[in-house]
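# Observations on chain architecture
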Amino acid sequence: MDVSGAFELTSVVHLVRPAGDRARDLETLRAGVERAGTDSLFYHAIQCPLRRPDSRELPPDDLSAWVSGVLQDRETAERLSFAVQSHGGSEAELRQALLDALESVSEKERRARAAPAESEFVFLAAESVRVPVGVSARGADELVEALAAADPGVWFYHLIEEPWYQPGTPPVARWVRGLGESRLATLLEEEARSGRGLEEMRRRLLRRWRQSRLHGRVAAAAAATENARREAGAAAVAGLVRRMTRSEKGDDAGRGA
């Protein structure tokens, strides 16, 4: 990745459509998961945090929520929820984990409890539309400042959606590490894997980054020589005098007018 240029922040919206499958019990849910496209698994298991960005914890995925609320099978719902939270790194891993959770129940049991027709699970799919936000960063501090003001879609796209469709280190973390800012890259990677809500991810990353910057400044000050500290103090005083002088000149000009 070329780190010489700016990193462009991107948000995302999702166009949702029926995927063509329905489930009335655990067996038809299993068959639907087996046939589901990447965009359908993404919508039902990965995209959920964007619908409730203020939640401190990840909101339940659609599959486990339906099994728990409609089929009233809380044990299987917990298995599905664990599959989503533990194996969301790639489509293949997620699909297999969901199938394993459903196939831990016998086929007879999977067919035993059916939902009424009006409560069937409708498989949907989401098409992602990237939305440039007109903000770019050329360094770590600029990136953090931009992320601090960004909407939840930016956080979701860069820390959750991109790594899911392109498994591995989030591109934003690779870019930051290429600048030599390994601490920020690590923070971004950890939050991307954390399983927290989007706003909680924002709060934690900003707090941890500011703390790391403060510790760095304290360590640098402690390591500075006495002459360097005197020069820094003199520069600060000189800057204050310049600002006061400009302010006084501005006041005199105002009175003369």
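In short, a report on the structure. Within any chain, residue numbers begin from 1 and follow the written order of that chain's sequence. Local features in a predicted model are, by the rule used here, given only for residues with pLDDT of at least 70; side-chain atom pairs are given and counted only at 80 or more, and totals for whole chains, interfaces and linings are based on all residues. Note: side-chain values were computed over all heavy atoms of the structure, leaving out hydrogens and water.

Bringing the overall build of the chain into the picture now. The helix and strand tally for the chain stands at 13 helices and two strands. Accessibility here uses a 1.4 Å probe with only protein chains present; expressed as a share of the type maximum, an area under 20% marks a residue as buried, one over 50% as exposed, and anything in between as partly exposed. Split into buried and exposed, the 257 residues of the chain put 41% on the buried side. In what follows, a contact means two residues having at least one pair of non-hydrogen atoms within 4.5 Å. Within the chain, residue pairs in contact and separated by at least 24 positions form 75% of the contacts whose partners lie at least 6 positions apart. With residues, only the protein chains shown are counted as cover, and all accessible areas are computed by Shrake-Rupley using a 1.4 Å probe. As displayed, the chain offers around 14,000 Å² of accessible surface, 50% of which is attributable to carbon and sulfur atoms. Secondary structure elements follow DSSP: runs of H or I of four or more residues count as helices, runs of E of two or more count as strands, with numbering from the N terminus.

Helix span is expected to be 1.5 Å times the residue number reduced by one. With 13 residues, helix H5 (residues 74-86) should reach 18 Å at 1.5 Å per residue; the first-to-last C-alpha distance of 18 Å fits that figure. Along H5, the positions that sit buried rather than exposed are Thr76, Ala77, Leu80, Ser81, Ala83 and Val84. The arc enclosing the buried residues of H5, seen along the axis, measures out at 155 degrees, which places them on a common side. More than 90 degrees from the buried face of H5, the exposed residues found are Glu75, Glu78, Phe82 and Gln85. As for H5, its buried residues are in contact with helix H1 (26-35), helix H2 (38-46), helix H4 (62-69) and helix H6 (91-103). This arc is built from the directions going out from the helix axis to the C-beta atoms.

The next subject is the environment of Gln166. Relative to the helices and strands, Gln166 is located in the loop between helix H9 (152-165) and helix H10 (171-178). For Gln166 and Gly89, which are 77 residues apart along the polypeptide, the C-alpha to C-alpha distance reads 9.2 Å.

Patch members must show over 30% relative accessible area and no salt bridge, and they are joined within 9 Å when carrying like charges or within 5 Å when they are nonpolar side chains of Val, Leu, Ile, Met, Phe, Trp or Tyr. Every case where a carboxyl oxygen of Asp or Glu lies within 4 Å of a side-chain nitrogen of Lys or Arg is listed as a salt bridge. Taken together, Val13, Leu15, Val129 and Val131 make up a surface patch of nonpolar side chains, about 280 Å² in accessible area. Broken down by secondary-structure element, the contributors of at least two residues to the nonpolar patch are strand E1 (7-23) and strand E2 (121-137). Tracing the sequence through the fold places Val129 in strand E2.

Residues grouped as a nonpolar core are buried Ala, Val, Leu, Ile, Met, Phe, Trp, Tyr and Cys residues, joined through side-chain atoms within 4.5 Å. Ranked by size, the top nonpolar core spans 59 residues in total, and within it Leu29, Leu98, Leu143, Leu184 and Leu188 carry the most contacts. Top contributing element to this core by residue count: H9, with seven residues. Residues contacting Leu143, with those up to four places away along its chain left out, are Phe7, Leu9, Ala137, Val172, Trp175, Val176, Leu184 and Leu188.

This paragraph deals with the pattern of salt bridges. Here the structure, examined in full by the defined rule, presents 21 salt bridges. A salt bridge links Glu189 to Arg177, with the nearest nitrogen and oxygen atoms 2.8 Å apart. Separated by 12 residues along the polypeptide, Glu189 in helix H11 (residues 182-192) and Arg177 in helix H10 bring together distant segments of the chain. We classify Glu189 as buried; its relative accessible area is 13%. Arg177 sits in the partly exposed class, given a relative accessible area of 35%. Because the salt bridges share partners, they merge into one network encompassing Glu27, Arg30, Glu34, Glu103, Glu107, Arg110 and Arg111.

All right, on to the side chain of Arg95 then. Within the secondary structure, Arg95 sits in helix H6. At 2.7 Å, the side chain of Arg95 forms a polar contact with the backbone oxygen of Ala36. Two N or O atoms form a polar contact when they lie within 3.5 Å of each other; inside protein one atom must be a possible hydrogen donor and the other a possible acceptor, and for residues adjacent in sequence the pair counts only when both atoms belong to side chains.

To obtain an axis, a line is fitted to C-alpha atoms, over the contacting stretch when the element is a helix, and the angle between two such axes runs from 0 to 180 degrees between their N-to-C directions. Axis separation between H4 and H5 bottoms out at 8 Å; the angle between their running directions is 175 degrees. Taken together, the axes of H4 and H5 lie roughly antiparallel to each other. The segment H4 lies against H5, with Leu63, Ser64, Val67 and Ser68 engaging Arg74, Thr76, Ala77, Leu80 and Ser81. Tallied by class, residues from the contact of H4 with H5 come to four nonpolar, four polar and one charged. Any angle that is under 35 degrees is reported as roughly parallel, and any over 145 degrees as roughly antiparallel; angles of 65 to 115 degrees are reported as roughly perpendicular and all others as oblique. Note on residue categories: nonpolar means Ala, Val, Leu, Ile, Met, Phe, Trp, Tyr, Cys or Pro, charged means Asp, Glu, Lys or Arg, and polar means any other residue, Gly included.

The next thing to look at is the packing of aromatic side chains. To describe a pair of aromatic rings, you give the distance between the ring centres and the angle between the ring planes. In this scheme Phe, Tyr and Trp rings, the latter by its six-membered ring, pair at centre separations within 6.5 Å, and the angle between planes marks the pair as stacked below 30 degrees, edge-to-face above 60, and tilted otherwise. Considering all chains together, one arrives at seven aromatic pairs under this definition. Measuring from centroid to centroid gives 5.2 Å for Phe42 and Tyr165, while their planes differ by 40 degrees, and the two rings are tilted. Residue Phe42 is located in helix H2, and its partner Tyr165 is located in helix H9; the two are separated by 123 residues in the primary sequence. Take Tyr165: its relative accessible area is 35%, and that puts it in the partly exposed class. Here the aromatic cluster, defined as three or more aromatic residues joined through ring pairs, consists of Phe42, Phe156, Trp164 and Tyr165. Ring-over charges, as used throughout, are those where CZ of Arg or NZ of Lys falls within 6 Å of the ring centre and within 35 degrees of the ring normal. When the ring centre of Tyr43 is taken as reference, the NZ or CZ atom of Arg51 above it lies at 4.3 Å.

Moving on, we come to unusual backbone geometry. A positive phi angle, near 60 degrees, is found at Gln72, a position not held by glycine. Here Gln72 shows up in the loop between H4 and H5. Overall, Gln72 belongs to the partly exposed group, its relative accessible area being 41%.

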